[in-house]
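If you want the building blocks of each chain, they are given just below.
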Amino acid sequence: MIKKEADWIQELPPNQYTIEDYDGGEARWCPGCGDFAVLSAVKRICRDNQIPPEKMVAVSGIGCSSRFPHYMNTYGFHGLHGRALPVACGIKARRPDLDIWVATGDGDCCSIGAGHWIHAIRYNMNITVMLFDNNVYGLTKNQSSPTSPQGLVTSTHPSGTWLPPLNPTLATLGFTNVSFVAQTVDWNPPHLYATLNAAYQHKGLSFVRIMQRCPTFTPNLFDPIINDPTRLILLTHENGIEVEPAVEKKFKNKVVHDPSDMTGARDLSTLEGKLAIGLLFHDPNTVIYDEFTNHGLDMDAGDKLKAVREEIARFAI
Amino acid sequence: MSGTDGSSVATPAGKSSGGANGAVVKSEQIVEIVSDSGEGAQKAGQTFGTISAKMGNGVWTVEIIPAEIKPPARSKAGASGIRVRIASDNVTNMGDEADLVVAFNEQVLYGRIEQHAYKKGTVVLLENKWAASPMAEVQKQYTEAVKEFKRLGLDVREMPLEEKCLEFMPDPRLGKNMFVLGMLCSIYGRDLQKAADEIAVVFKKKGEKVIELNRSLLQAGFDYGRTQLSDLSVEIPPRKEIPPQVVMNGNQALALGIMASGMDVVAMYPITPATSVSHHLAGTFHRAGGILHQAEDEIAAIGFAVGASYAGKTACTITSGPGLALKTEFLSLAVMAEIPLVTIIVQRGGPSTGLPTKVEQGELLTAVFGATGDNPKIVMAAATIEECFHFVIVARKLAEEFRMPVLLLSDANLATGVQPFPRPEPQAEWLASPFDQSPWQEGVRAYDWDHKTGMSTRPIPGQVGGEYVLTGLAHTEESKVAYEPEANQFGCTMRSRKLASFQSTLRTPVINGEPEGDLLVIGWGSTLGAIDEAVANLQADGRKVSSLHLRFLSPLEPGLSEIFARFNHVMTVEINYSDPADDPLVTVENRRRAQLARLIRSRTLCDVDCWSNVHGQPLHPRDIYDEIIGRLDSTNGGEVK
Ligand SMILES: Cc1ncc(C[n+]2csc(CCOP(=O)(O)OP(=O)(O)O)c2C)c(N)n1
């Protein structure tokens with residue numbers, strides 16, 4: 001009898017995590033905020049990859065989007081404005097066993113934290129970076145961001161933002177040792193999921209720019225693209241990000257793009273009035289800083305003491 | 001020491017007696033080698049110091065550093081080189097005026113005279129090639145200088161240093177430093193074999209040929225000294241029984257302390273005079289299981305260290321004043337979120353870029369207070385090179401135990417000073433214990449503050465059931481963002497209470513001298529040796545002066561008010577800025593006092609005076625002595641009103 005049962009009752013592995021296992025505090029974003037979509041995509045990825053909650057650290061800076069770690073039931077680090085990346089790198093340096101996810105806003109990453117952004121790309125540590133790009137400062141209420149489109153009316157530029165926007169994707173593609181750059185949008189959950197999941201699988205720093213709607217300050221900013229599906233271009237390739245055929249079918253505009261093609265990636269990141277989503281660039285053979293920082297992790301006390309003694313002996317008289 | 005035109009030398013003092021082989025026996029000697037930069041003076045001096053330490057003498061060496069990297073040759077401002085103080089006893093500071101100086105040109109000597117480095121009778125061994133310079137201007141400068149030096153009472157001996165080296169090499173500029181080393185070895189009766197051995201160590205990377213050449217130069221210098229300078233012979237008997245010693249500078253001691261403390265990560269951004277700590281770690285730290293991360297800036301460096309520490313790995317960041325300014329936001333986060341972290345600050349002259357290579361104790365108040373909001377953190381200062389080593393170990397333990405940042409102050413004086421000290425024997429208990437990965441105890445919160453002490457244990461990522469989100473926002477014991485006003489009050493109270501708990505474990509500081517008297521001198525950091533020496537001389541003169549040296553600045557060591565009450569006057573001696581009390585616009589109320597004085601006044605409500613300057617130089621015992629005598633002999637002995 002018992003044996004028979006075993007044939008038809010599927011036995012759950014001991015650590016079968018469900019979505020609820022990743023539920024942190026109740027998210028306090030504005031209704032309609034694009035951040036909710038990212039949060040649920042990440043929770044699904046955690047479940048689908050069975051990431052033990054104690055082995056994940058969500059690291060962020062300051063901003064609406066940087067509240068992200070509070071809404072996950074994993075370890076989290078909600079630190080300083082602009083400084084998520086150095087913290088994430090420091091954690092990863094000596095804890096290769098931890099999965100590090102970084103949530104950072106366009107002000108957080110591309111303005112106050114821009115120096116760290118350049119260098120984190122170059123360190124290329126094994127972490128997943130999500131840039132929540134709502135083109136505006138949300139938390140501090142509607143100031144211009146470096147990614148605000150020229151002319152956007154904000155609290156600091158009431159007659160329209162003066163300067164042309166910084167393009168984080170193009171910039172990242174220009175940083176030395178870049179290894180994974182993708183774009184996606186908050187309003188296409190399957191693509192968001194597929195992109196972040198591919199980013200998570202990548203070994204090295206994966207940089208994902210997520211076009212994120214801010215219902216309070218930039219509610220209509222992405223309307224031209226949302227309302228005209230031909231303006232949203234899906235990047236496809238056998239080495240790209242795979243989406244389900246049903247999802248792929250919905251795209252009116254598709255471009256086959258080999259993610260090893262840097263020139264193509266740069267062109268696709270600068271389309272006028274259009275947005276290319278998917279994997280822009282991927283180089284699996286870059287230098288990974290973790291390989292240097294993971295040195296000596298399991299050295300025991302005896303070996304350490306021996307080395308210290310020898311070093312001291314060099315100064316003996 | 002005082003002069004009207006800056007070109008003065010002091011009247012000599014010191015003990016001596018007759019010794020063997022015609023050598024005069026002295027308890028100590030101060031020797032300088034000054035030159036244009038890049039002439040190897042420091043290498044010769046360091047080697048001379050090491051040989052002397054190996055022979056059992058107490059030693060202190062301090063580099064003479066010009067402000068610019070490449071100052072013009074033959075200029076006063078370009079004076080570069082080294083001072084070596086050797087004694088029969090332990091040496092704790094660079095002392096007052098030198099007894100002997102080797103100068104590679106007369107202009108750099110002018111520079112040192114302006115800094116009151118010499119006294120009447122100081123022997124000057126001066127390169128004489130300038131007398132025959134093809135440039136008439138140089139000839140003239142040289143001749144005039146020699147006349148002037150003699151007028152000042154210096155015992156000038158002109159000598160053909162480079163010419164003597166020409167026998168061995170075509171460009172004697174590169175070799176004369178070892179010739180000089182040989183000369184000094186003969187004058188001070190140094191063991192020539194030890195010197196030859198040391199040359200092998202110094203030039204190891206350059207190969208056997210170079211070692212041989214330098215040994216020949218050493219021998220030539222030694223012979224020259226023996227035949228031409230025998231009247232200068234001095235014997236400095238070694239110390240008696242001493243435990244096994246090591247000899248190094250303060251930054252090397254910090255680097256070794258970091259290794260011995262079991263530190264896992266050091267993250268830094270280069271800045272003088274802190275950088276060389278990382279140089280010492282770069283080739284060796286991995287052998288003790290640690291990593292050195294050169295970050296893109298000081299903020300990233302501390303962020304990296306904070307991240308590593310959050311993840312359960314012991315971490316440290318190293319910087320100087322300008323870098324500390326950049327790190328303050330992260331320091332507040334470490335306070336707020338209770339992340340253990342060691343921050344080492346090797347101070348230099350400020351404000352701003354200030355005097356990058358010079359000594360100052362100007363970061364005390366920034367270390368104690370500089371950060372957002374209320375910032376209880378532990379601040380300690382090493383007073384000796386030996387303490388540079390041991391205090392890193394203490395700092396790491398305190399950071400972990402009290403779950404807070406610990407700032408360890410050193411300075412340019414300790415960083416470049418070289419001194420022997422008892423050889424440390426590394427202990428297993430000095431190392432950090434492995435990070436905990438056992439399941440987190442159910443029901444214990446992320447900040448489960450003990451209400452009496454403020455202490456709590458932290459969950460480390462990887463611990464099942466310990467998941468929490470660290471935040472720099474005001475938070476509850478569960479690390480949830482706090483929306484109640486009381487929560488912030490409570491969190492601040494708990495974090496502050498940790499300092500009080502820690503202070504209750506500290507001992508009352510030891511008084512050097514009688515527990516009561518006319519004046520108590522208080523110092524902190526690298527001034528210990530100079531203050532002690534000045535105070536010892538005052539006590540020998542029958543003055544009722546004692547001193548006290550603080551190692552913990554936050555919290556302050558306990559019992560200070562009671563100690564102060566037993567002295568008529570209390571003053572600090574520091575190397576940072578204070579308004580002179582007699583400045584026309586300065587009043588008792590608006591006077592900006594030296595940093596420790598301000599700190600102690602606010603903590604003890606005692607009328608603590610101060611004496612300080614920002615000349616960028618280590619303090620001379622003589623200057624401290626003179627200042628105190630002046631005060632004791634003035635009518636009120638205390639603050640000039
Ligand atoms: C050092 C510092 N400077 C400024 C701020 C104020 N501040 C907080 S979030 C923010 C910008 C937020 O914009 P963004 O990073 O784009 O994130 P969003 O809120 O839009 O998600 C600013 C300026 C701060 N917290 N710290």
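Being a predicted model, the structure only gives us computed values, none of them experimental.

J.: Can you break down the packing of aromatic side chains residue by residue, with the values?
T.: Scanning the entire structure with this criterion turns up 22 aromatic pairs over all chains. With centroids separated by 6.5 Å and ring planes inclined at 50°, the aromatic side chains of A:Tyr289 and A:Phe292 adopt a geometry described as tilted. Relative accessible area serves as the criterion here: at 19%, A:Tyr289 is assigned to the buried category. Both rings, one in B:Phe48 and one in B:Tyr188, keep their centres 5.9 Å apart while their planes meet at 55°; by these two values the pair is tilted. Here B:Phe48, found in helix H1 (residues 41–54), pairs with B:Tyr188, found in the loop between helix H5 (176–187) and helix H6 (192–202); they are 140 residues apart in sequence, far enough to count as distant. Site record: aromatic cluster; members linked through ring pairs are A:Tyr75, A:Phe77, B:Tyr310, B:Tyr447, B:Trp449, B:Tyr468 and B:Phe490.

J.: An account of helix H10 (residues 298–310) of chain B is needed here, citing residue identities and associated values.
T.: Think of an α-helix as 3.6 residues a turn; residues three or four steps apart then line up on the same face. Residue and element names in this part refer to chain B. Compared with the 18 Å implied by 1.5 Å per residue over 13 residues, the 18 Å span of H10 between its first and last C-alpha is a close match. Its side-chain oxygen placed 2.9 Å from the backbone nitrogen of isoleucine 299, aspartate 297 serves as the N-cap of H10. Looking at the residues trailing H10, positive phi occurs at glycine 312, about 95°.

J.: If you had to explain the interface of chain A and chain B to someone new, which residues and values would you point to?
T.: Taken together, the contact pairs 54 residues of chain A with 66 residues of chain B. It is A:Tyr75, A:Phe315 and A:Ile317 in chain A that bury the most area against chain B; as a group they hold 16% of the surface buried on that side. If you look at where chain A meets chain B, you find four salt bridges. As a salt-bridge pair, B:Asp264 and A:Arg94 come within 2.5 Å of each other at their nearest N and O atoms. For the pair chain A and chain B, the number of links is 26 residue pairs in polar contact (both at pLDDT 80 or more). At the level of elements, strand S2 (75–78), helix H3 (84–94), helix H5 (114–123), helix H11 (290–293) and helix H12 (301–313) of chain A are the ones that each hand at least two residues to the side of chain A that touches chain B.

J.: Explain the site of the ligand to me, and be specific about the residues and the numbers.
T.: Around the ligand, the surrounding shell holds 17 residues, and the nearest of these are A:Cys64, A:Ser65, A:Gly107, A:Asp108 and A:Gly138. Surrounding the ligand are residues belonging to chains A and B, so the site spans chains. A:Val136 places a polar main-chain atom, nitrogen or oxygen, 3.1 Å from an oxygen atom of the ligand. Taking A:Gly138, its main chain carries an N or O atom lying 2.9 Å from an oxygen atom of the ligand.

J.: Pulling in residues and values, what's your account of the sheet that holds strand S3 (residues 99–105) of chain A?
T.: If you walk across this open sheet you meet the ten strands as S10(A)-S9(A)-S11(A)-S7(A)-S8(A)-S4(A)-S3(A)-S1(A)-S2(A)-S18(B), and the pairing is mixed. Each of the sheet's edge strands pairs with one partner strand only, and the pair in question is strand S10 (253–256) of chain A together with strand S18 (469–471) of chain B. Each neighbouring strand pair of the sheet contributes to a mean axis angle of 20°, computed without reference to strand direction. Pairing geometry for strand S4 (residues 128–133) of chain A and strand S8 (residues 206–211) of chain A, over six bridges, is parallel. The residue bridging A:Thr128 from the neighbouring strand is A:Ser206, located in S8(A). In this fold helix H7 (residues 189–201) of chain A packs onto S3, S4, strand S7 (180–185), S8, strand S9 (232–236) and strand S11 (275–282) of chain A, with an angle of close to 165° to the strand it touches most, S7(A). Each of strand S1 (56–60) and S2 of chain A together with S18 of chain B touches H10(B); the most contacted strand, S2(A), lies at about 155° to it.

J.: Could you give me a rundown of the environment of B:Ala565, with the residues and numbers involved?
T.: Note that B:Ala565 resides in helix H17 (residues 560–565). Separated by 49 residues in the primary sequence, B:Ala565 and B:Glu516 place their C-alpha atoms 8.5 Å from one another.

J.: Break down the packing of H3(A) against H10(B) for me, with residues and values.
T.: Contact geometry for H3(A) and H10(B): axes closest at 6 Å, N-to-C directions at 45°. Taken together, H3(A) and H10(B) sit at an angle that is classed as oblique. As H3(A) packs across H10(B), the resulting crossing turns out to be right-handed. Counted together, A:Pro86, A:Val87, A:Cys89, A:Gly90, A:Ile91 and A:Ala93 of H3(A) and B:Ala300, B:Gly303, B:Phe304, B:Gly307, B:Ala308 and B:Tyr310 of H10(B) form the full contact between these two elements. In terms of residue class, the contact of H3(A) with H10(B) is made up of nine nonpolar, three polar and no charged.

J.: Got a sec to walk through the environment of B:Gly289? Specific residues and values, please.
T.: Along the chain, B:Gly289 falls in the loop between helix H9 (275–282) and strand S12 (291–294). Residues B:Gly289 and B:Gly321, 32 residues apart in the sequence, show an inter-C-alpha distance of 29 Å. For B:Gly289, the residues in contact, after removing those within four places along its chain, are A:Arg94, A:His295, A:Gly296, A:Met299 and B:Asp264.

J.: Outline helix H8 (residues 250–260) of chain B, listing residues and values.
T.: Residues and elements named next belong to chain B. Among the eleven residues that make up H8, eleven are buried, leaving the element largely enclosed by the rest of the structure. All of the buried residues in H8 are Gly250, Asn251, Gln252, Ala253, Leu254, Ala255, Leu256, Gly257, Ile258, Met259 and Ala260. Two to three positions downstream of the cap, the backbone nitrogen of asparagine 251 sits 3.0 Å from a side-chain oxygen, assigning the N-cap of H8 to asparagine 249. Among the residues trailing H8, glycine 262 stands out with phi positive, at a value near 75°.

Conventions used here
- Residues numbered from 1 in each chain as written.
- Chains lettered and ligands numbered in written order.
- Predicted model: local features only at pLDDT ≥ 70, side-chain atom pairs only at ≥ 80, totals over all residues.
- Heavy atoms only, no water.
- Phe/Tyr/Trp six-rings, centres within 6.5 Å; stacked < 30°, edge-to-face > 60°.
- Buried < 20%, exposed > 50% of the residue type's maximum accessible area, 1.4 Å probe, protein only.
- Helix = DSSP H or I, 4+ residues; strand = E, 2+ residues; numbered from the N terminus.
- Expected span 1.5 Å × (residues − 1).
- Polar contact = N/O pair within 3.5 Å; in protein donor to acceptor, adjacent residues only side chain to side chain.
- Contact = heavy atoms within 4.5 Å.
- Buried area = accessible area lost by both parts, 1.4 Å probe.
- Salt bridge = Lys/Arg side-chain N within 4 Å of Asp/Glu carboxyl O.
- Near = heavy atom within 4 Å.
- Pairing = 2+ DSSP bridges.
- Axes fitted to C-alpha atoms, helices over the stretch in contact; angles between N-to-C directions.
- Parallel < 35°, antiparallel > 145°, perpendicular 65-115°, else oblique.
- Left-handed = near helix turned anticlockwise from the far one by under 90°.
- Nonpolar A, V, L, I, M, F, W, Y, C, P; charged D, E, K, R; others polar.

Read these as layout, nothing more, since geometry by itself doesn't imply function.
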